[in-house]
Amino acid sequence: MSVLLEVRNITKTFGGLAAVQDLSLAVGKGEILGLIGPNGSGKTTFFNVISSFLPPDRGQVIFDGREITALKPHVVTSLGLARTFQHPKPLLELTATKTSALRPSCETAKARKRPKLPGKF
Ligand SMILES: Nc1ncnc2c1ncn2[C@@H]1O[C@H](COP(=O)(O)OP(=O)(O)OP(=O)(O)O)[C@@H](O)[C@H]1O
Ligand SMILES: [Mg+2]
């Protein structure tokens, strides 16, 4: 199985607190990997670093053969690495259907060539 996401030696600290320390992992194409740990063990911080919402102190994130560590979150998303949030912040003015339909705007350029969804999005 070829590697799709590789995380090398990520460390993220907040002041004197090491939320993530020297964490490495690899996820293969088509693989589903779970990350578990007690409250405050650094799971969300780790996802924030992978998706470029937070810069790591050390380490690298490689997605599909390309280093993405220093890229902006929207660029990471456009490359095909998307995330959800622990605390959903729904767009209150949209219905659930319309909120779901926002997803294509976050997909890769290749996926954008699919037929457009009806309505104004
Ligand atoms: N922006 C921040 N500033 C300072 N400390 C933070 C920040 N974000 C997280 N932390 C701290 O980093 C540690 C890891 O937090 P994190 O939210 O990543 O854990 P978690 O595993 O996702 O927890 P939970 O299971 O409760 O969601 C905690 O001690 C938390 O208080
Ligand atoms: Mg969390």
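Up top is the structure.
Rules of the game
Residues numbered from 1 in each chain as written. Chains lettered and ligands numbered in written order. Predicted model: local features only at pLDDT ≥ 70, side-chain atom pairs only at ≥ 80, totals over all residues. Near = placed C-beta within 6 Å. Helix = DSSP H or I, 4+ residues; strand = E, 2+ residues; numbered from the N terminus. Nonpolar A, V, L, I, M, F, W, Y, C, P; charged D, E, K, R; others polar. Pairing = 2+ DSSP bridges. Core = buried A, V, L, I, M, F, W, Y, C linked by C-beta atoms within 7 Å. Buried ≥ 20, exposed ≤ 12 C-beta atoms within 10 Å, placed from the backbone. Contact = placed C-beta atoms within 7 Å.

Participant: Please explain the site of ligand 1 as it appears in this structure.
Facilitator: Around ligand 1, the neighbouring residues are Phe14, Leu17, Ala19, Gly37, Asn39, Gly40, Ser41, Gly42, Lys43, Thr44, Thr45 and Gln86. Contributions of two or more residues to the shell around ligand 1 are made by strand E2 (17-28) and helix H1 (43-50). Residue contributions to the shell around ligand 1 peak at 3 residues, all from H1. Classifying every residue of the shell around ligand 1 by side-chain character gives 3 nonpolar, 8 polar and 1 charged.

Participant: Explanation requested: unusual backbone geometry in the structure shown.
Facilitator: Of all residues except glycine, most have a negative phi; of all peptide bonds, most are trans. Here Asp22, not a glycine, exhibits a phi torsion of approximately 50 degrees, which is positive. Along the chain, the position of Asp22 falls in strand E2. Although it is not a glycine, Ser52 sits at a positive phi angle of roughly 70 degrees.

Participant: Teacher, can you tell me more about the sheet that holds strand E1 (residues 3-14) here?
Facilitator: Backbone-to-backbone hydrogen bonds join strands into a sheet, with any given pair of strands oriented parallel or antiparallel. Strand order across the open sheet formed by 4 strands is E2-E1-E3-E4, with antiparallel pairing between neighbours. Each edge of the sheet is formed by a strand with only one pairing partner; in this case those strands are E2 and strand E4 (66-67). Of the pairings in the sheet, the one linking strand E3 (residues 58-63) to E4 comprises 2 bridges and is antiparallel in character. Bridge pairing in E4 links Ile62 to Glu67.

Participant: Please explain the nonpolar core as it appears in this structure.
Facilitator: Burial of nonpolar side chains together is a common tendency in soluble globular proteins. Counting 10 residues, the largest nonpolar core consists of Val7, Ile10, Val20, Phe46, Val49, Ile50, Val61, Phe63, Val76 and Leu81. Breaking this core down by element, the ones donating at least two residues are E1, H1 and E3. At 3 residues, H1 tops the list of elements feeding residues into this core. Every residue in contact with Phe46, bar those within four places of it in the chain, is listed here: Ile10, Val20, Leu23 and Leu35.

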